[in-house]
Amino acid sequence: MPQPHNIRRRLRTPKKKLTTQICYNNTMLSQNYRFHSRGGVRYVYQKGKTIRTPVLSLVYAPNNRDRQRFGVVVSKKVLKSAVGRNRVRRRVYEAIRLELPYFTTPQDCLFVVFNKTILNMPFLELRRTIHELLERSLIQ
């Protein structure tokens, strides 16, 4: 016999394993340090130089502003799901936010993700990759 909808059953859930993770501040990179229109992104693609790594590349161009601007591009070809693309974007923006105090040269930087392994990459490795890309952009 079917039960009425107003009766609730208590479901037993398995105990969750405790995992240790390095937690960072989840605040997003400030709006001052991001692109506001496609015109700036188009300019960086046309006039910028590119540095590649196995997971992502950096396209950068100097700007006339007093600060850096950053953008993260994750294509649908890389990750079909919007949730996955947004998660990658948030992780990269967080790594950029943590590296921002070390790089003060005013330039426009676009990080283009072209490999989905970045989704499961350890955060410290991602941060190290972004740090190396930004350092190489200052040298060239």
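Everything that follows concerns the structure shown earlier in this document.
All values reported here derive from a predicted model rather than from experimental measurement.

A. View of the pattern of salt bridges. Within this structure, the stated rule accounts for three salt bridges. In this structure, the salt-bridge partner of Arg69 is Asp108, at a minimum N-O distance of 3.0 Å. Here Arg69 is found in strand S3 (residues 69-74), whereas its partner Asp108 is found in strand S4 (residues 107-113), with 39 residues between them in sequence. We classify Arg69 as buried; its relative accessible area is 9%. Looking at Asp108, the relative accessible area reads 2%, which means it is buried. One salt bridge connects Glu99 with Arg127, and the closest N-O pair in it is separated by 2.6 Å. Here the residue Glu99 occupies a position in helix H2 (residues 82-99), and Arg127 occupies one in helix H3 (residues 123-139), the gap between them amounting to 28 residues.

B. Spatial organisation of helix H1 (residues 38-47). Within H1, the full set of buried residues consists of Gly40, Val41 and Val44. With its buried residues spanning 100° around the axis, H1 presents them on a single face. Exposed side chains of H1 directed beyond 90 degrees from the buried face belong to Arg38, Gln46 and Lys47.

C. Fine view of H3. Between its first and last C-alpha, H3 extends 25 Å over 17 residues, near the 24 Å set by a 1.5 Å rise per residue. When we look at burial in H3, the residues that qualify are Phe123, Leu126, Arg127, Thr129, Ile130, Leu133, Leu134 and Ser137. Down the axis of H3, the smallest arc covering the buried residues is 160°, so these residues share one side. Of the surrounding secondary structure, the elements contacted by the buried residues of H3 are strand S1 (49-52), strand S2 (56-62), S3, H2 and S4.

D. Broad picture of the packing of H2 against H3. Closest axis-to-axis distance for the H2/H3 pair is 9 Å, and the angle between their directions is 60°. Compared by their axis directions, H2 and H3 come out oblique. Crossing geometry of H2 relative to H3 is assigned as right-handed. Taken together, the residues of H3 that come into contact with H2 (itself represented by Arg91, Val92, Glu94, Ala95, Ile96, Leu98 and Glu99) are Phe123, Leu126, Arg127, Ile130, His131 and Leu134. Per-class residue counts for the contact of H2 with H3 are eight nonpolar, one polar and four charged.

E. Quick look at the nonpolar core. In terms of nonpolar packing, the biggest core is built from 30 residues, with Val92, Ile96, Phe111 and Ile118 touching the most fellow members. Where this core is concerned, the elements lending two or more residues are S2, S3, H2, S4 and H3. Counting residues per element, this core draws most heavily on H2, which supplies six residues. Among residues more than four places away in sequence, those in contact with Ile96 are Leu29, Phe70, Val72, Phe111 and Ile130.

Calculation notes
Residues numbered from 1 in each chain as written. Predicted model: local features only at pLDDT ≥ 70, side-chain atom pairs only at ≥ 80, totals over all residues. Heavy atoms only, no water. Salt bridge = Lys/Arg side-chain N within 4 Å of Asp/Glu carboxyl O. Helix = DSSP H or I, 4+ residues; strand = E, 2+ residues; numbered from the N terminus. Buried < 20%, exposed > 50% of the residue type's maximum accessible area, 1.4 Å probe, protein only. Arc of directions from axis to C-beta. Expected span 1.5 Å × (residues − 1). Contact = heavy atoms within 4.5 Å. Axes fitted to C-alpha atoms, helices over the stretch in contact; angles between N-to-C directions. Parallel < 35°, antiparallel > 145°, perpendicular 65-115°, else oblique. Left-handed = near helix turned anticlockwise from the far one by under 90°. Nonpolar A, V, L, I, M, F, W, Y, C, P; charged D, E, K, R; others polar. Core = buried A, V, L, I, M, F, W, Y, C linked by side-chain atoms within 4.5 Å.

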